[in-house]
Amino acid sequence: MSDAMIGPVAPPELHVMTYNIRRRMDPALGRPADRWRAREPRLRRLLRAERPSLLGTQEVMPSQLPALTEALGPTYRVIGHGRDRDGQGEGTPILYDAERLELVSWEQIALSNYPHLPGSRSWGNLVPRIAVCAEFRDRVTSARFLTINTHFDHLSRRSQVRSAETLRRRVLSQSLPAIVMGDLNADADSLPVREMLRTDDLRDVWAAAARHASPLWGSFPNYGAVRWAAKRIDWIAVTPGIEVHEAGINARRFDGRWPSDHLPVQAVLRVPATGA
């Protein structure tokens, strides 16, 4: 059996993944299942098999980045840094295949009333929350598109809703097709997700997909059993015009164990050429 649920795809299709990889924990504080030394080879194996052209990650500590880049290969680049005031700490970097995608511009914003103040907090979240926003050009199709990768707060519902409003406004304030992905810490029936998807301006890739590569698993098994139709807190959403050929929630284990407490959410997209 192949390790890949989807694996590399040929242009003009684009393989996109969002994945909370679980931050590296002090072994004295975390659970045995959290130990990075054990999880790292499984994560490398998953990424080598899937090789998405565009990967949005969450909970990434600087010491974990080499495992991601080495697994994906030398053509991949990284944008984004830690959420703390000094740019250190946990981050939500985007990794992309520079042979397929050209980076046009990017910025990292705080999800707060002061988006350009690193480390800022405003809406009830106890830790800073961020989003990485980037414009890419597809070197094969010349399509240009916006990508946003984020990680919403895990405790404050107000922060989640305000974050959803902020990112939705950002998508609507520009004319490019857009992909929004990340760990929203909120499931399909929640107010933040309803806010994100409240009109047809953004569509859940699972609902829009022509076919599914997996059952509708909950995306946060927390190292336990995978359950059908359980809470799905990791999301990819796209604007109209982006075709969703396939979507899946990747429940592959390696030697019977998980790379992370979350499952990757993946989609095969076709982004229209700019102006089409």
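To be clear, the structure that these remarks concern was listed above.
What you see as residue numbers is a count from 1 along each chain, following the sequence as written. Where local features are concerned, this predicted model is filtered to residues with pLDDT of at least 70; where side-chain atom pairs are given and counted, the filter is 80 or more; whole-chain, interface and lining totals use all residues. Side-chain figures throughout are based on the complete set of non-hydrogen atoms in the structure, without hydrogens or water.

K.L.:
Hey, could you go over the sheet that holds strand β2 (residues 54-58) for me, with residue numbers and the actual values?
P.N.:
Only strands joined by at least two bridges in the DSSP assignment are considered to pair. In this description a helix means any DSSP run of H or I spanning at least four residues, a strand means any run of E spanning at least two, and both kinds are numbered starting from the N terminus. Read from one edge of the open sheet, six strands run β3-β4-β2-β1-β12-β11, paired in mixed fashion. Only two strands of the sheet have a single neighbouring strand rather than two, namely β3 (76-79) and β11 (243-249). Along the sheet, successive strands turn relative to each other by an average axial angle of 15°, direction set aside. Two elements, β2 and strand β4 (residues 94-97), share three bridges in a ladder whose sense is antiparallel. Its bridge partner lying in β4, Leu-55 is registered against Leu-95. By the convention used here, residues are in contact when the closest approach between their heavy atoms is within 4.5 Å. Here an axis means a line fitted to C-alpha atoms, over the contact stretch when the element is a helix, while the angle between two N-to-C directions is reported on a 0 to 180 degree scale. Of the strands in this sheet, β1 (14-20), β2 and β12 (265-270) are in contact with helix α1 (residues 36-50), which crosses β1 at around 165°.

K.L.:
Tell me about the sheet that holds strand β5 (residues 101-110), residues and numbers included.
P.N.:
The six strands lie next to each other as β5-β6-β7-β8-β10-β9, forming an open sheet whose pairing is mixed. The sheet is open, and its two borders are formed by β5 and β9 (203-204), each paired with just one other strand. Pairing of β5 with strand β6 (residues 130-138) involves nine bridges; the strand directions are antiparallel. When the sheet's bridge partners are listed, Leu-101 is paired in β6 with Asp-138. Along the sheet, helix α3 (residues 157-172) contacts β5, β6, β7 (144-151) and β8 (178-183); its crossing angle with β7, the most-contacted strand, is approximately 175°.

K.L.:
Describe the packing of α1 against helix α2 (residues 65-72), listing the residues and the values that go with them.
P.N.:
One can describe the packing of α1 onto α2 by two numbers: an axis separation of 8 Å at closest approach and a directional angle of 30°. Here α1 lies roughly parallel to α2, going by the angle between them. Our pair here, α1 against α2, has a crossing hand that is right-handed. Residues Trp-36, Glu-40, Leu-43, Arg-44, Leu-47 and Arg-48 of α1 touch α2, and the partners they reach there are Ala-67, Leu-68, Glu-70, Ala-71 and Leu-72. Throughout, the ten residues Ala, Val, Leu, Ile, Met, Phe, Trp, Tyr, Cys and Pro are labelled nonpolar, Asp, Glu, Lys and Arg are labelled charged, and all others, Gly among them, are labelled polar. Here the contact of α1 with α2 is built from residues that sort into seven nonpolar, no polar and four charged. Should an angle fall under 35 degrees it is called roughly parallel, over 145 degrees roughly antiparallel, and 65 to 115 degrees roughly perpendicular, with every other angle called oblique. Here is the rule for handedness: rotate from the far helix to the near one, and if that takes an anticlockwise turn smaller than a right angle the crossing is left-handed, while a clockwise turn gives right-handed.

K.L.:
Explain unusual backbone geometry to me, and be specific about the residues and the numbers.
P.N.:
Following Pro-11, the chain continues into Pro-12 via a peptide bond in cis, with omega recorded as 10°. Tracing the sequence through the fold places Pro-12 in the segment before β1. In this structure, Arg-51 is a non-glycine residue whose phi angle is positive, near 40°. Relative to the assigned elements, Arg-51 resides in the loop between α1 and β2.

K.L.:
Give a description of empty space enclosed by the protein that names residues and reports values.
P.N.:
Points on a 1 Å grid over protein atoms alone make up a cavity when a 1.4 Å probe fits among them but cannot get out, and a pocket when they form an open set with protein on both sides within 12 Å along at least five of seven lines; lining residues each have an atom within 4 Å of a point. Grid points are joined across faces, edges and corners, and a volume is the space filled by probe spheres set on the points. Taken as a whole and assessed by the stated rule, the structure comprises two cavities of 30 Å³ or more. One number sums up the size of the largest cavity: a volume of about 60 Å³. If you trace the largest cavity, you find it lined by Val-180, Met-181, Gly-182, Leu-184, Val-193, Met-196, Leu-197, Trp-235 and Ala-237. Among the elements that make up the lining of the largest cavity, the one with the highest residue count is β8 (three residues). Tallied by class, residues from the lining of the largest cavity come to eight nonpolar, one polar and no charged. Roughly 30 Å³ of volume is contained in the second largest cavity. Forming the walls of the second largest cavity are Arg-83, Glu-90, Thr-92, Pro-128, Arg-129, Ile-130 and His-151.

K.L.:
Any details on the layout of surface pockets? Residues and values, ideally.
P.N.:
Space inside the largest pocket adds up to approximately 300 Å³. What lines the largest pocket is a set of 17 residues, among which Arg-22, Glu-59, His-151, His-154 and Asn-185 lie closest to the centre. Residue classes in the lining of the largest pocket are distributed as three nonpolar, five polar and nine charged. In this structure, the second largest pocket encloses a volume near 220 Å³. Taken together, 15 residues form the lining of the second largest pocket, with Asp-187, Phe-220, Ala-230, Lys-231 and Ile-233 sitting closest to its centre. Broken down by class, the residue content of the lining of the second largest pocket amounts to seven nonpolar, four polar and four charged.

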